[in-house]
Amino acid sequence: MRAETILNAALLAMLVAVALWAWTADEPFIITLVTKVAIFAIAGIGLNLALGLGGLVSLGHAAFFGIGGYAMGILASHAQSYTPLMEWPLLVEGTKSMPVIWLVAILAGALTALVIGALSLRTTGVYFIMITLAFGQMFYYFAISWPAYGGEDGLPIYVRNGFPGLNTLDPIQYFALCFAVMCAVLLLVARIAASPFGLALSGARQNPQRVQAVGLVPYRLFLVAFTISGAITALSGALYADLNRFVSPTMFSWQTSGEIMIFVILGGVGRLFGPVAGAALFIALEHVLGGLSEFWHIYLGALLLVVVLFARGGLIGLVAGREVAHD
Amino acid sequence: MKFTTLATAIAIGASAIAAQAENVKVGMITTLSGGGAGLGIDVRDGFMLAVKQAGRDDLEVVIEDDQRKPDVAVQLADKMIQSEKVDVLTGIIWSNLAMAVIPATVAQGKFYLSPNAGPSMLAGKGCDPNYFNVAWQNDNLHEAAGAYANSAGLTNSFILAPNYPAGQDALTGYKRLYEGELAGEIYTKLGQTDYASEIAQIRASGADSIYFFLPGGMGISFLKQYADSGMDIPVVGPAFSFDQGILQAVGEAALGVKNTSQWNKDLDNAANTAFVAAFQEEYDRLPSLYASQGYDTANLLMSAMDKADVSDTQAFRAALKAADFASVRGDFRFGSNNHPIQDIYVREVIKEGDVYTNKIIGTALEDHADAYADQCSM
Amino acid sequence: MSIVLLVEQVLNGLQFGVMLFLMAAGLTLIFGVMGLINLAHGSLYMVGAFAAAATAAATGSFLLALVASLVAAAAAGALVELTVIRRLYDRDHLDQVLATFALILIFSEGTRWVFGSFPLFLEVPDYLSGSVTLPGGIEYPLYRLTMILIGLAVAAGLFALIAHTRIGIRIRAGESDREMIGALGVNIARLYTLIFALGAALAGFAGALIGAIQSVQVGMGEPVLILAFVVIVIGGIGSIKGALVGAILVGLTDTLGGFLLPRLFTLFMDASSAMTMGSALAAMSIYLLMAGVLLFRPTGLFGGP
């Protein structure tokens, strides 16, 4: 516990330190990278709630990530072109306001996760992995073929959306915003994990029968966890879309699902801060290895292999020891 | 990866161009890893060949790999503009990446020279004085194919393309000038590799010709399967599926196919002859369409550098617009929307020794501009 | 729409299906016996195609190319099993997914490093090119017909192998009780390597067969891999029979969906939006099929409880 707490604090401090250093050194790209870490970490924290606490191996979280992205893209593009989203039965206008976009992203993500979860949770194990993958692919192909919002070309938004009191176009301010959201999400998930619901969920993962015996329905616990997980990942999708000022069907691709899962596993499954560490490591690797060779994917692959084979419990498990790992 | 290439002019060039001493820094974002890497590598090699030949020390090129991911491209563009402080961006291959990067780039006052993608949006309503397209507007080669079909007496084409924006644009482009009937029109799945179903439908439709736009591996698959189907109605396509890089993978199936292109290695002009020879000398392979576009992009840029300082936006813009360089495709000038006005040729796939390649058999369209220039208010 | 065209489309769906079966059979065996999810199966398919293309270019013989694909994929499979995969058998699915995802990265970029970024050339041999006329006046490519026959023959061989040979008995025993066959003195490690190599060889073989009419390029394995997963999930993981039925279902759904859906949509909307809508829905159709099957049979058509 102690080692992990210190490590978690150090992680947060490091992110802030890197961002501040980049700010003073006038290296805006580094700030963008750290912002990316914070945003991907949020996606990972979302997945980790389903994966770590609930044991639900979802290979379809790109669906929620993409939904969040498109929530931003669709709302902002309508605001940008001054055309209402729909006029009937009630007038809905687009918006460039981040809080509104986030709310829509969270609701859309939750709703999608509720439907996908309700259907997918009828299966378990590999079947669950594959059916979530299939739902992700459905969204991917739909986004590519649907011409209204750019299809495969995606949807550029020319100016980053606004947040009251902030100049979001300033990299350091946008980083601060994303970092704050990440901390809020961390806090939320920590409280969920410690709540009766979190304990019941954890119990349902380890032994569904026992949970059933005390009168709880594992299916419902899993469904609630999956829904919250989808909502969090959708929020990160909206943030990511704003970071790039662009959304495209790539956000829905199964490689995106794979990457979100990598953040979680690299950091340590079930560890609260695992996705933060995982995302930071992954992006740092991408940045450093990408500078070394045209064939940097080989090194990335080899490194991932080493982590899986020899560093079980991920980065945090490696540093903090395995004693508090969820199993 | 990052190759910072200081075009080292070995002392001689240094004093000769001292009058225009201001350095220009170019950021090249292109696809160098993964499935579409061949195109990016060709653009890069063509561009760097021109830079090397010029041997000037006031031009610095930073190259990064976008992995064909739009989000990565956007982040690289931010990095190049914010951290590397480049003056000019170039290199993007794919329209969806171009749409993600170019509007924000020119909005920040930087120049963008497109060596490949030319989405209609950026030629029409979204045009910008700082954005120059050195390749073509996306519809151009398809329009030329439609015009060629008319002149070749084809009156009942079956047309197909993947179901994504560039595919929809391609078929629209073909239909814009094509005057005959359509035997059928199919949108296939993006990334589809089996075309048995489509070929059966073409066979049943009674078409007299096929026009297809299936970039990359999709086109290879289609041509092989078509050749194997025993059908022999003529096939027409844009140059992308018959390019030097992939033609060897299609093999005999491509022989005799007509395709439209604004460039070919047998174009008879001094710049092109020199380019083809130098490219083979440098890289030990035949140059492709993409390499020619990269080469022209670099030469356009350097022609502007000779006339104006990049910091003087107005002057540099005018210098680019003048397009005062020897293009490997012969005559080249910019239209009002900064897109090329150029001849588009019809090529036929032939075999030279062991190597499959193209030869020009005619001109499909002369001094062709694009259909969106009117929508551009600039 | 004529009957001939429809029959031809059904044949196309069947051909696509049997090729998917070659991929799915290995996947489902590996999962059934070793409990391993292998995302890198598509890479072995790619290895087979590249080995075939390189051999065909060097020797000019298509048969040798097919042999090379079997050998190369089996060797790559055995190598990967010995170095990486066998450390994953007692891990959870999560670790397996990540490790084999890492293998994809290594295989793809490694292949690009060796063979370059451009697609390779592999063609249908002269004696299999052209088309034949089937009863009813259907003209159908000879090569595709051959692929259907080869696929069905491999399926029959595989069923015979599992039902009637000693190794088949061990495979079946391994599926139901791993400790037991170990106790019976079977060298489990060797059995696993063998099964993995067999699955890899089938995938490589499929890669070579398909490579002749498609593009031999880096990344060619991933789309097929996802389809193969859809197949085994529909069929029930671990079941060879399920893989066959699932493969043919997916093949037919994909081919006929792409063919019929746009036509169906023209009945109630204008041609061009029917085309886009129909194609969009067709692209999603197999995933809808899979979701549908799992809703009613959460462990697939032939999967155990």
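All values derive from a computational prediction rather than experimental measurement.

J.: Provide a residue-level description of the overall build of chain A, including the pertinent values.
T.: Secondary structure assignment for chain A yields 13 helices and two strands. Its C-alpha atoms give chain A a radius of gyration of 19 Å, near enough to 20 Å, the size a compact globule of 327 residues would have. Overall size of chain A, expressed as C-alpha extent along the three principal axes, is 55 × 50 × 40 Å. Within chain A, buried positions represent 56% of all 327 residues. The contacts in chain A between residues at least 6 apart in sequence include a share of 75% that link residues at least 24 apart.

J.: Describe the interface of chain C and chain B, and please don't skip the residues or the numbers.
T.: Contacts between the two partners involve 37 residues from chain C, matched on the other side by 30 residues from chain B. For the side of chain C that touches chain B, the secondary structure elements donating two or more residues are α1 (3-34), β2 (138-141), α5 (142-164), α10 (240-265) and α11 (271-296) of chain C. The element that contributes the greatest number of residues to the side of chain C that touches chain B is α1(C), accounting for six residues. Split by residue class, the side of chain C that touches chain B holds 17 nonpolar, 16 polar and four charged.

J.: Outline the interface of chain C and chain A, listing residues and values.
T.: Taken together, the contacts link 35 residues of chain C with 34 residues of chain A. For the side of chain C that touches chain A, the secondary-structure elements that each account for two or more residues are α4 (93-115), α9 (221-235) and α11 of chain C. Take the side of chain C that touches chain A: its biggest share by element is 15 residues, from α4(C). A per-class count over the side of chain C that touches chain A returns 26 nonpolar, six polar and three charged.

J.: An account of the domain arrangement of chain B is requested, with residue identities and associated values reported.
T.: Residue and element names in this part refer to chain B. One can read the domain layout of chain B as domain 1 (3-136 + 266-334) and domain 2 (140-261 + 344-375). The C-alpha centroid of domain 2 is placed 28 Å from the C-alpha centroid of domain 1. When residues of the side of domain 1 that touches domain 2 are traced back to their parent elements, those giving at least two are α2 (37-54) and α5 (120-123). Classifying every residue of the side of domain 1 that touches domain 2 gives six nonpolar, six polar and three charged.

J.: Explain helix α9 (residues 218-244) of chain A residue by residue, including any values.
T.: All names here are of chain A. Taking 1.5 Å as the rise per residue, α9 with 27 residues should run 39 Å; its terminal C-alpha atoms sit 39 Å apart, in good agreement. Summarising burial for α9: 23 of the 27 residues are buried, a large majority. Directly after α9, the chain includes R245, whose backbone phi takes a positive value near 55°.

The rules behind the values
- Residues numbered from 1 in each chain as written.
- Chains lettered and ligands numbered in written order.
- Predicted model: local features only at pLDDT ≥ 70, side-chain atom pairs only at ≥ 80, totals over all residues.
- Helix = DSSP H or I, 4+ residues; strand = E, 2+ residues; numbered from the N terminus.
- Rg over C-alpha atoms; globule rule 2.2 N^0.38 Å.
- Buried ≥ 20, exposed ≤ 12 C-beta atoms within 10 Å, placed from the backbone.
- Contact = placed C-beta atoms within 7 Å.
- Nonpolar A, V, L, I, M, F, W, Y, C, P; charged D, E, K, R; others polar.
- Domains from an automatic or database assignment.
- Expected span 1.5 Å × (residues − 1).

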